[in-house]
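Letter by letter, the chains look like this.
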Amino acid sequence: MPTNILDDARSYLVDFLKGKQNVFETKHPWRKGWEFAVLHSLHVEAYVLRILGREDDRLSESEVTLLRLAAILHDIARLEKREDHARAGAEIAAEWLERNGQYGLNAEESRKVLEMIADHSKKEVCEQDFSKGVLKDADTLDEIGVMSIFMTSNWLEHQSPFFFHALRQRLIEVELPFCDQKLSILNTEGAKKILREKRDFVEDFLAQLRDELQAEREAEQSLMRLSQEVESEYSG
Ligand SMILES: [Fe+2]
């Protein structure tokens with residue numbers, strides 16, 4: 001297998017996406033541009049290696065290369081279509097491989113890469129194939145942790161004097177259960193360990209925020225109640 005296949009795939013990803021925009025993103029402005037799609041793909045490739053580093057199951061060097069290749073190309077069609085982007089991405093990857101003489105991959109190796117890409121969105125399906133499970137898990141791990149705290153803040157009213165209280169509340173009510181739901185669909189122990197560390201980080205952040213806000217003090221609680229009463233008086 002040629003060693004430059006991963007570099008070529010990254011260059012192809014950039015060439016293919018350059019200038020395109022995502023039309024359905026509304027909450028997180030940085031996710032609209034094509035650059036984000038490239039960065040996400042590179043993050044997923046890096047998570048593949050992090051997960052493998054925590055697994056006893058050993059893949060051969062060429063299996064790791066196939067997995068990294070699938071990670072780089074897995075979302076190549078996602079900027080244009082959200083639904084069924086996995087299958088569309090597999091078709092784009094198949095054409096790219098074909099134009100390049102399959103990069104020396106044999107039929108079985110090409111099939112494996114394309115199948116990993118085509119099936120990566122079916123996160124609810126428990127994966128029997130180890131490589132496919134690692135790719136799905138790596139995709140799930142991106143944008144959870146520090147990033148999800150910032151993303152949570154985009155759902156809130158930034159002008160509100162209770163912004164940090166609302167942030168704390170939404171992290172507790174939405175983000176931590178979201179982490180737990182993701183934990184329940186992960187396929188590999190390696191990814192579960194990484195996600196538990198991310199969840200612990202969010203818990204630590206929440207503990208620090210609670211201290212800084214003195215959120216459970218009586219004075220703070222009554223000020224919030226008062227503010228809600230004033231607001232409903234005006235709106236009523
Ligand atoms: Fe993805």
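Residues numbered from 1 in each chain as written. Predicted model: local features only at pLDDT ≥ 70, side-chain atom pairs only at ≥ 80, totals over all residues.

Colleague: Honestly, the overall build of the protein in this entry has me stumped. Any pointers?
Modeller: Counting secondary structure elements, the protein contains 10 helices and 0 strands. If you list the helices and strands of the protein from N to C, you get α-α-α-α-α-α-α-α-α-α. Considered along the principal axes of its C-alpha atoms, the protein spans approximately 70 × 40 × 25 Å. Buried residues in the protein amount to 28% of all 236 residues. Within the protein, residue pairs in contact and separated by at least 24 positions form 66% of the contacts whose partners lie at least 6 positions apart. (Helix = DSSP H or I, 4+ residues; strand = E, 2+ residues; numbered from the N terminus. Buried ≥ 20, exposed ≤ 12 C-beta atoms within 10 Å, placed from the backbone. Contact = placed C-beta atoms within 7 Å.)

Colleague: I keep staring at the packing of helix α2 (residues 34-53) against helix α6 (residues 130-141) and nothing clicks. Help me out?
Modeller: Helix packing for two helices is described by the angle between their axes and how far apart those axes are. Running from N to C, α2 and α6 point in directions that differ by 120°, and their axes come no closer than 8 Å. The hand of the α2/α6 crossing is right-handed. Note on element contacts: α6 touches α2 through Val134, Leu135, Asp137, Ala138, Asp139 and Leu141, opposite Val44, Tyr47, Val48, Ile51 and Leu52. Class assignment of the residues belonging to the contact of α2 with α6 gives a composition of 9 nonpolar, no polar and 2 charged. (Axes fitted to C-alpha atoms, helices over the stretch in contact; angles between N-to-C directions. Left-handed = near helix turned anticlockwise from the far one by under 90°. Nonpolar A, V, L, I, M, F, W, Y, C, P; charged D, E, K, R; others polar.)

Colleague: When you look at the environment of Val44 in this model, what are you seeing that I'm missing?
Modeller: Structurally, Val44 is set in helix α2. Along the backbone, Val44 and Ala70 are 26 residues apart, and their C-alpha atoms lie at a distance of 9.7 Å.

Colleague: Explain the nonpolar core here, please?
Modeller: Taken as a class, soluble globular proteins show a tendency for nonpolar side chains to be buried jointly. Ranked by size, the top nonpolar core spans 42 residues in total, and within it Val48, Ala70, Leu73, Ile117 and Ala138 carry the most contacts. Per-element accounting of this core gives the leading share, 7 residues, to helix α3 (residues 61-73). Three or more residues apiece are contributed to this core by two domains, here domain 1 (5-123) and domain 2 (146-235). Apart from residues lying up to four places away in sequence, Val48 is in contact with Leu67, Arg68, Ala71, Val134, Leu135 and Ala138. (Core = buried A, V, L, I, M, F, W, Y, C linked by C-beta atoms within 7 Å. Domains from an automatic or database assignment.)

Colleague: Got a minute to help me understand the domain arrangement of the protein in this structure?
Modeller: Looking at the assigned domains, one finds that the protein contains domain 1 (5-123) and domain 2 (146-235). A straight line from the C-alpha centre of domain 1 to that of domain 2 covers 32 Å. Listed as interface residues are 8 residues of domain 1 and, on the opposing side, 10 residues of domain 2. Split by residue class, the side of domain 1 that touches domain 2 holds 2 nonpolar, 1 polar and 5 charged.

Colleague: Can you help me understand the packing of helix α1 (residues 5-17) against α2 in this one?
Modeller: The geometry of α1 relative to α2 is characterised by a closest axis approach of 9 Å and an angle of 160° between their N-to-C directions. Between α1 and α2, the angle is such that the two are roughly antiparallel. Of the two possible hands of crossing, α1 and α2 adopt the one that is right-handed. From α1, Leu13, Val14 and Leu17 reach across to α2, where they touch Trp34, Ala37, Val38 and Ser41. Partitioning the contact of α1 with α2 into residue classes produces 6 nonpolar, 1 polar and no charged. (Parallel < 35°, antiparallel > 145°, perpendicular 65-115°, else oblique.)

Colleague: I tried to follow helix α8 (residues 163-185) on my own but got confused; where do I start?
Modeller: Along an α-helix, a turn takes 3.6 residues, which lines up residues three or four apart on a common side. Taking 1.5 Å as the rise per residue, α8 with 23 residues should run 33 Å; its terminal C-alpha atoms sit 32 Å apart, in good agreement. The sharpest bend along α8 reaches about 40° and sits at Leu171. When we look at burial in α8, the residues that qualify are Leu167, Leu171, Glu175 and Cys179. Taken together, the buried residues of α8 touch α7 (146-153) and α9 (189-213). (Expected span 1.5 Å × (residues − 1). Bend = angle between axes of the 7 residues up to and from the residue.)

Colleague: Got a minute to help me understand unusual backbone geometry in this structure?
Modeller: Note: most residues except glycine have negative phi, and most peptide bonds are trans. Positive phi values are uncommon outside glycine, yet Tyr103 reaches one of about 55°. Along the chain, the position of Tyr103 falls in the loop between α4 (85-99) and α5 (107-119). The exposure class assigned to Tyr103 is partly exposed, which follows from the 18 C-beta atoms found within 10 Å.

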